[in-house]
Amino acid sequence: MSTRVRYAETDQMGVVYYGNYSQYFEIGRVEALRSLGLTYKEMEKRGIMLPVLKLEVKYLAPATYDDLIEIRTEIREMPNTRITFHHEIRNEEGKLLTIGMVQLVFVDIESRKPVLAPEYFLDLIKPQLE
């Protein structure tokens, strides 16, 4: 999925502020789930939320104002109580700018306790990992 770096996302040097990469990763996760036919909204209606447990980012090169960046997101292993999304951000030339990993936990909305990934979710993920 592609997006253009907006002026508000940059610092005085025209470079994307480091804290904004977590938002780019969020865009990637939302769209990755949507491509599987599922949204956060639908999961919440079914009683599951996905808070972030861990975020890792490695900055390799800067993205700058008005760059068209591509956010690549993938799930590499079957989730259990946790799901890990791996992210890459590249510029228009395909240069790798940033890599990251975000781990989320499946939590029951009412009890606020971790739960196993729901069966409907696993059914959507399985074909992607085979």
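## Description of the side chain of Asp-67
Inference 1: Structurally, Asp-67 is set in the loop between β3 (52–59) and β4 (68–75).
Inference 2: Contacts of Asp-67, omitting those with residues within four sequence positions, involve Thr-3, Arg-4 and Val-5.

## Some details on the pattern of salt bridges
Inference 1: Considering all chains together, one arrives at nine salt bridges under this definition.
Inference 2: In this structure, the salt-bridge partner of Glu-26 is Arg-29, at a minimum N-O distance of 2.2 Å. You can see Glu-26 and its partner Arg-29 sitting in helix α1 (residues 21–35), three residues apart, about one turn around the helix.
Inference 3: Of the residues examined, Arg-29 reaches a relative accessible area of 3% and is grouped as buried.
Inference 4: Asp-123 is the salt-bridge partner of Lys-126, the closest N and O atoms lying 3.9 Å from each other. Of this pair, Lys-126 and Asp-123 both sit in helix α3 (residues 119–129), three residues apart, roughly one helical turn.
Inference 5: Note on Lys-126: relative accessible area 34%, which makes it partly exposed.
Inference 6: Counted as one network, the salt bridges with shared partners bring together Glu-70, Arg-72, Glu-88 and Arg-90.

Conventions we followed
Residues numbered from 1 in each chain as written. Predicted model: local features only at pLDDT ≥ 70, side-chain atom pairs only at ≥ 80, totals over all residues. Heavy atoms only, no water. Helix = DSSP H or I, 4+ residues; strand = E, 2+ residues; numbered from the N terminus. Contact = heavy atoms within 4.5 Å. Salt bridge = Lys/Arg side-chain N within 4 Å of Asp/Glu carboxyl O. Buried < 20%, exposed > 50% of the residue type's maximum accessible area, 1.4 Å probe, protein only.

From the geometry alone we can't say anything about function, so treat these as descriptive.
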